[in-house]
Amino acid sequence: MFNKRIKVKDLLQTEQTGHEVTVMGWVRTFRNNQFIALNDGSTNNNLQVVTELGLLDDATIKRITTGASLKVVGEVVPSLGKGQKVEVKARTLEILGDSDAEKYPLQPKKHSLEFLREKAHLRFRTNTFGSVFRLRHALAFAIHQFFNEKGFVYLHTPIITASDAEGAGEMFRVTTLPIDGTAPRTADGSIDFAEDFFGKSTNLTVSGQLEGELGAMAFSDIYTFGPTFRAENSNTTRHLAEFWMIEPEVAFNDIEDNMNLAEEFIQYLIRYAMEHNMEDLEFLDARLAEEEKAKPQNERAEFGLLEKLKFVVDNQFERITYTEAIQILLDSPHYKKKKFKYDVSWGIDMQSEHERYLVEKHFKKPVIVTGYPAAIKAFYMRLNDGCEPGKETVAAMDILAPGIGEIVGGSQREERLDKLEQRMKDFHIPVEEMSWYLDTRRFGSVPHAGFGLGFERMVQFVTGMTNIRDVIAFARTPKNCEF
Ligand code: ATP
Ligand code: MN
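Here the structure is a predicted model, which is why all the values come from computation and not from measurement. (Residues numbered from 1 in each chain as written. Chains lettered and ligands numbered in written order. Predicted model: local features only at pLDDT ≥ 70, side-chain atom pairs only at ≥ 80, totals over all residues. Heavy atoms only, no water.)

A short note on the site of ligand 1
Then step 1. Lining the immediate environment of ligand 1, one finds 16 residues, of which Arg-230, Glu-232, His-239, Glu-406 and Ile-407 sit closest.
Then step 2. Take Arg-230: an N or O atom from its side chain is 2.8 Å from an oxygen atom of ligand 1.
Then step 3. About the coverage of ligand 1: the protein hides 83% of its 580 Å² of free accessible area.
Then step 4. Among the elements of the structure, strand E11 (242-251), strand E15 (405-412) and strand E16 (448-454) are those that each provide at least two residues to the shell around ligand 1.
Then step 5. With four residues, E15 is the largest single contributor of residues to the shell around ligand 1.
Then step 6. Its residues placed into classes, the shell around ligand 1 shows six nonpolar, four polar and six charged. (Near = heavy atom within 4 Å. Polar contact = N/O pair within 3.5 Å; in protein donor to acceptor, adjacent residues only side chain to side chain. Areas by Shrake-Rupley, 256 points an atom, 1.4 Å probe, with all protein chains shown as cover. Helix = DSSP H or I, 4+ residues; strand = E, 2+ residues; numbered from the N terminus. Nonpolar A, V, L, I, M, F, W, Y, C, P; charged D, E, K, R; others polar.)

The structure is reproduced here in structure tokens:
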């Protein structure tokens, strides 16, 4: 009768007493040989289970340790303890799985996030990660709901591809050829990928966009939501080698429609979390406030987590051009005091320090930057008309978020065949191999636009977690592939 259990969250919401329930979960703490704090992951709030003296023999009592799993049948009674209306008076208690208190890594005390990263297989059982991963779930659900309500088709783009949407390195190769030097070679001595599993060189996808565009040219509105891979050796708090990305692609949208969609989407996700997961957000808000207290005054965040989220749903994002962004940086006291590590001039690919200055110091809110130099952006972005020679820009947009930096990268796509082919040649992209992509421009091409939102960066933004490794279950980063 395992399936008769009631979830702790549901039980704690009732005020009804006097009936019998079955609850199961893991022991968080056990006090005075009588009071068990039981958690089943449905909420951070533990259920208090009371075992009356005499109910259990000494041997059983010894086995009620932190981390042990229990099945309890008992009566729901009003609770005298603060913070809960009801508790369960145990009639029977069964230990489902023992947990050796000497060896169990999670003690009922505060552990550092670094320590818990090493114990990622158990960290879901802590309050912090309970909240983070319930929120991650809620956001994933909200993403589908948002697009479903708007009539988008969820398109599953391939994970193994032979194309490289970004046009440059940093990919994981997929091959079944031997790696011990015995792989077949062509006449000129290079590896003969014609002999490989797919008959060509393949890799893990860095983005589903190009395939997404094919879908948008039929369904008008599609989105993808799946894992993407980048072999970039960036050991930062916002890069993973395997991360999840949401990529809507919309026919008949221009860059402005694209910005509107992205802004509405982000605000919708935050609002959804605030409506459905307030308890977890409140927990993380308090957690962050505690963490901030340990920092020197000048390094503390201006807003608390909930304050920040409320602000973002209630206020429009700032919209500026790349050229304006560069001017703001050049005019900034920060620049004049030579505080940027990397130099600023029109044409640079803005560094994280520049982006953060714009959102955290200058505007203090999310910022959408458009009109980037064509030379630093991907080949498929639409060339803006009427640019000064040498100062060509594309209809790109990046959304920069406080505390995170770039959270969205998107653009209006180049729908004009001749211009697109020219851009591909400039970027040394083999036009023949991409013939399938160019077909969309040959047969009923339309203006269209889309963007990619990094899911983990969004989860970071909503949970306030500073390290991206703490918002994905099992992080893949350089030199790290545990679990
Ligand atoms: P960055 O400059 O931060 O490396 P990017 O310009 O490479 O980002 P895009 O190629 O535009 O990013 O990807 C779209 C979105 O995917 C980004 O805005 C970001 O939210 C997310 N993203 C990109 N790379 C990573 C990564 N390595 N780990 C996690 N999320 C990422
Ligand atoms: Mn990158």
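Describing the side chain of Asn-203
Then step 1. As for its position among the elements, Asn-203 is in strand E9 (residues 202-204).
Then step 2. On the basis of relative accessible area, Asn-203 is assigned to the buried category, the value being 7%.
Then step 3. Setting aside residues no more than four positions away along its own chain, Asn-203 makes contact with Ile-159, Ile-160, Thr-161, Ala-162, Ser-163, Met-171, Phe-172, Arg-173 and Val-174. (Buried < 20%, exposed > 50% of the residue type's maximum accessible area, 1.4 Å probe, protein only. Contact = heavy atoms within 4.5 Å.)

Thoughts on the sheet that holds strand E8 (residues 173-174)
Then step 1. Read across the open sheet, the three strands follow the order E7-E9-E8; overall the sheet is antiparallel. In the strand order of this sheet, the two ends are held by strand E7 (160-161) and E8, each with one partner.
Then step 2. As judged from the two bridges shared by E7 and E9, these two strands associate in the antiparallel manner. Each bridged residue has a counterpart across the sheet, and for Ile-160 the counterpart in E9 is Leu-204. (Pairing = 2+ DSSP bridges.)

Topic: the packing of aromatic side chains
Then step 1. What the rule picks out here adds up to 23 aromatic pairs.
Then step 2. Note on Phe-379 and Tyr-380: the rings are 5.3 Å apart at their centroids and 75° apart in plane angle, and the pair reads as edge-to-face.
Then step 3. Grouped by ring-pair contacts, the aromatic residues Phe-146, Phe-147, Phe-152, Tyr-154, Tyr-223, Phe-265, Tyr-268 and Phe-451 constitute a single cluster.
Then step 4. Positioned above the aromatic ring of Phe-461 is the side chain of Lys-308, whose terminal nitrogen or guanidinium carbon lies 3.9 Å from the ring centre.
Then step 5. For Lys-377, the ring lying beneath its charged end belongs to Tyr-372, and the centroid distance is 4.3 Å. (Phe/Tyr/Trp six-rings, centres within 6.5 Å; stacked < 30°, edge-to-face > 60°. Lys NZ or Arg CZ within 6 Å of the ring centre and 35° of its normal.)

A closer look at the pattern of salt bridges
Then step 1. Across all of its chains, the model carries 25 salt bridges by this definition.
Then step 2. Across the salt bridge formed by Arg-91 and Glu-20, the nearest N and O atoms sit 2.7 Å from each other. Taken together, the residues Arg-91 in strand E5 (residues 86-97) and Glu-20 in strand E1 (residues 20-31) connect sequence positions 71 residues apart.
Then step 3. On the basis of relative accessibility, which here comes to 45%, the residue Glu-20 falls in the partly exposed class.
Then step 4. Residues participating in the shared-partner salt-bridge network are Arg-382, Asp-385, Glu-414, Glu-415 and Arg-416. (Salt bridge = Lys/Arg side-chain N within 4 Å of Asp/Glu carboxyl O.)

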